[in-house]
Each structure stands twice: as C-alpha cells, then as structure tokens.
Amino acid sequence: EADIYQTPRYLVIGTGKKITLECSQTMGHDKMYWYQQDPGMELHLIHYSYGVNSTEKGDLSSESTVSRIRTEHFPLTLESARPSHTSQYLCASSRPGGSYNEQFFGPGTRLTVL
Amino acid sequence: QQQVKQSPQSLIVQKGGIPIINCAYENTAFDYFPWYQQFPGKGPALLIAIRPDVSEKKEGRFTISFNKSAKQFSLHIMDSQPGDSATYFCAASKGAQKLVFGQGTRLTINP
C-alpha cells in the first residue's frame with residue numbers, strides 16, 4: 001500500500017488568502033494527480049504530473065496551480081481563495097513502469113473558504 | 001470525451017443482500033478496470049480491479065463481472081454488511097494513462 005500524505009487535513013480560510021495544499025508520497029511514484037470532490041460526489045481531475053518538471057491541466061478547469069520540483073512532492077496553490085473553491089482536494093499517485101494505472105489516494109484536504 | 005457511466009447513483013440494501021453496481025464504458029481501448037471504495041472524510045481506496053482477459057474476479061466478498069462485448073462491468077458484494085456502507089467508484093484506463101472515473105454510487109447497508 002502506498003503512503004501518501006496530505007496536509008493540512010482541514011483548512012478554514014478567508015476570501016483572498018493564498019493557500020498551498022501539500023501532498024507527498026514516499027513510494028517513488030512518478031505519476032501524481034490532484035482531484036477536486038464535493039462530498040460523496042464525482043472525482044474531477046484538475047492537475048496531473050508524469051514526473052519532475054512535468055505538469056498538465058486535468059479535465060476540470062481550475063484556478064489552482066501546481067508544481068513538481070521533487071518526485072515525492074506535488075503541492076497545489078490557490079493564489080486568492082474564494083468561496084467557490086470550497087471543496088475536498090484529493091491527491092493520488094501511481095507507480096512507474098506499470099502496464100496499468102494502479103492509483104493510490106491520500107486522505108484529502110477539506111477546504112472551506114469563508 | 002471518454003466516459004464511464006455508473007449506476008445507480010444510490011442504493012439501499014438490507015444486511016446480507018447482494019448489492020450490484022454497474023458501469024458502462026465507451027472506449028474499447030480501455031484495458032484496466034478498478035473499483036474504489038470511499039468512506040466519508042477519507043480518500044478512495046483501491047478495492048479490486050480486473051483486466052479484460054477474464055470475465056470475473058473475486059476477492060473475498062467482492063466480485064467484478066466483466067462483459068467485454070457489452071462494454072460493461074459490475075461490482076457485486078456478497079453477504080453485505082453495514083460496514084460496507086460507502087461510496088463506490090468504478091474507473092477505466094488504457095495502459096498506464098490516467099483513470100476515467102464513474103460518477104459514484106452511494107451504498108447503504110441497513111442492519
């Protein structure tokens with residue numbers, strides 16, 4: 001089982017603040033992903049990365065940005081948080097070299113923007 | 001847009017019953033079909049997965065049935081328990097490409 005860590009687990013913040021959601025994994029996975037999910041609802045891919053210095057936008061448009069400077073670390077940043085950004089953010093990763101995408105998820109960050 | 005359509009959206013079953021969740025896909029190039037289980041406040045966890053070279057896979061009380069010609073696959077939970085109450089997601093991918101997820105099914109097992 002992969003070890004994927006997300007911090008903070010819960011964040012309540014005011015409108016206009018800059019926030020960074022942290023995601024790290026210790027399994028050496030090259031592929032990492034960010035999903036946005038409203039409670040119990042669909043998973044929407046917002047960003048992914050296939051390796052260091054590689055980032056791509058996902059299927060759902062997002063005002064957030066990501067970076068991948070180190071293999072194990074894939075932070076997501078919102079420059080100016082708004083109430084519409086209130087959601088759960090899930091980070092995931094998958095192992096290199098596989099013939100299929102066995103993806104593992106972190107516990108998520110529940111973001112509330114007031 | 002490559003899609004995976006999942007049904008039903010919600011399902012209530014009595015303890016010991018066999019809930020069945022269905023998924024249909026469009027892209028015949030998909031060759032990996034996992035199911036994820038998500039409890040409230042947690043991230044999804046990989047439950048069971050199947051490749052298209054077999055029609056059925058069992059792991060404990062969980063079974064995937066796969067129908068390649070119909071482009072459908074389903075999850076069956078035998079002897080369901082209240083602890084199985086969760087949201088279930090099917091997904092599909094081609095090779096190591098990113099997963100395409102279904103819309104999710106909220107399953108409730110009543111005692």
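Computed from a predicted structure; not experimentally measured.

Conventions and cut-offs
Residues numbered from 1 in each chain as written. Chains lettered and ligands numbered in written order. Predicted model: local features only at pLDDT ≥ 70, side-chain atom pairs only at ≥ 80, totals over all residues. Heavy atoms only, no water. Helix = DSSP H or I, 4+ residues; strand = E, 2+ residues; numbered from the N terminus. Rg over C-alpha atoms; globule rule 2.2 N^0.38 Å. Buried < 20%, exposed > 50% of the residue type's maximum accessible area, 1.4 Å probe, protein only. Contact = heavy atoms within 4.5 Å. Areas by Shrake-Rupley, 256 points an atom, 1.4 Å probe, with all protein chains shown as cover. Lys, Arg positive; Asp, Glu negative; His and termini not counted. Charge placed at Lys NZ, Arg CZ, Asp CG, Glu CD. Buried area = accessible area lost by both parts, 1.4 Å probe. Salt bridge = Lys/Arg side-chain N within 4 Å of Asp/Glu carboxyl O. Core = buried A, V, L, I, M, F, W, Y, C linked by side-chain atoms within 4.5 Å. Pairing = 2+ DSSP bridges. Axes fitted to C-alpha atoms, helices over the stretch in contact; angles between N-to-C directions.

1. Points about the overall build of chain B
Then, in step 1: Looking only at helices and strands, chain B features zero helices and eleven strands.
Then, in step 2: Ordered by position in the sequence, the α and β elements of chain B form the string β-β-β-β-β-β-β-β-β-β-β.
Then, in step 3: Expected size for 111 residues packed as a compact globule is a radius of gyration near 13 Å; at 13 Å, chain B falls within 12% of this value.
Then, in step 4: When its C-alpha atoms are laid out on the principal axes, chain B stretches across 40 × 30 × 20 Å.
Then, in step 5: Residues counted as buried form 47% of the 111 residues belonging to chain B.
Then, in step 6: Contacts spanning at least 24 positions in sequence make up 53% of the contacts within chain B whose residues lie at least 6 apart.
Then, in step 7: Here chain B has roughly 5,200 Å² of accessible surface; of this, 49% comes from carbon and sulfur atoms.
Then, in step 8: Separation between the mean location of the 12 positive side-chain charges and that of the 7 negative ones in chain B comes to 6 Å.

2. So, the interface of chain B and chain A
Then, in step 1: Contacts between chain B and chain A engage 20 residues on the former and 25 residues on the latter.
Then, in step 2: Between chain B and chain A, a total of about 1,900 Å² is buried, with carbon and sulfur atoms accounting for 53% of that surface.
Then, in step 3: In terms of surface lost to chain A, no three residues of chain B exceed A96(B), K98(B) and F101(B), which account for 28% of the buried area on that side.
Then, in step 4: Here chain B is connected to chain A by one salt bridge.
Then, in step 5: The salt bridge involving D59(A) is made with K98(B); its shortest N-O contact spans 3.4 Å.

3. Observations regarding the nonpolar core
Then, in step 1: Residues V4(B), F33(B), W35(B), F73(B), L75(B) and Y88(B) are the most contacted members of the largest nonpolar core, which totals 25 residues.
Then, in step 2: Contributions of two or more residues to this core are made by strand 2 (10-14), strand 3 (20-25), strand 4 (33-38), strand 5 (45-50), strand 7 (62-67), strand 8 (72-77), strand 9 (86-92) and strand 11 (105-110) of chain B.
Then, in step 3: Looking at this core, the element that brings in the most residues is strand 9 of chain B, giving four residues.
Then, in step 4: Apart from the residues lying within four places of it in its own chain, the contact partners of V4(B) are C23(B), A24(B), Y25(B), F30(B), C90(B), A92(B), V100(B), F101(B), G102(B) and Q103(B).
Then, in step 5: The next biggest cluster of nonpolar side chains, apart from the first, holds 18 residues, and it includes L21(A), W34(A), L76(A) and Y89(A).

4. Observations concerning the pattern of salt bridges
Residues and elements named next belong to chain A.
Then, in step 1: With the rule as written, the count across this model stands at nine salt bridges over all chains.
Then, in step 2: In this structure, D30 engages K31 in a salt bridge whose closest nitrogen and oxygen atoms are separated by 3.9 Å.
Then, in step 3: With a relative accessible area of 10%, K31 lands in the buried category.

5. As for the sheet that holds strand 8 of chain B
Residues and elements named next belong to chain B.
Then, in step 1: Read from one edge of the open sheet, five strands run 1-3-8-7-6, paired in antiparallel fashion. Strands at the two margins of the open sheet, each flanked by one partner only, are strand 1 (4-7) and strand 6 (56-59). On average, adjacent strands in this sheet sit at an angle of 15° to one another, irrespective of strand direction.
Then, in step 2: Here strand 7 runs beside strand 8; their pairing, made up of six bridges, is antiparallel. Within strand 8, the position partnered with I64 by the bridge is L75.

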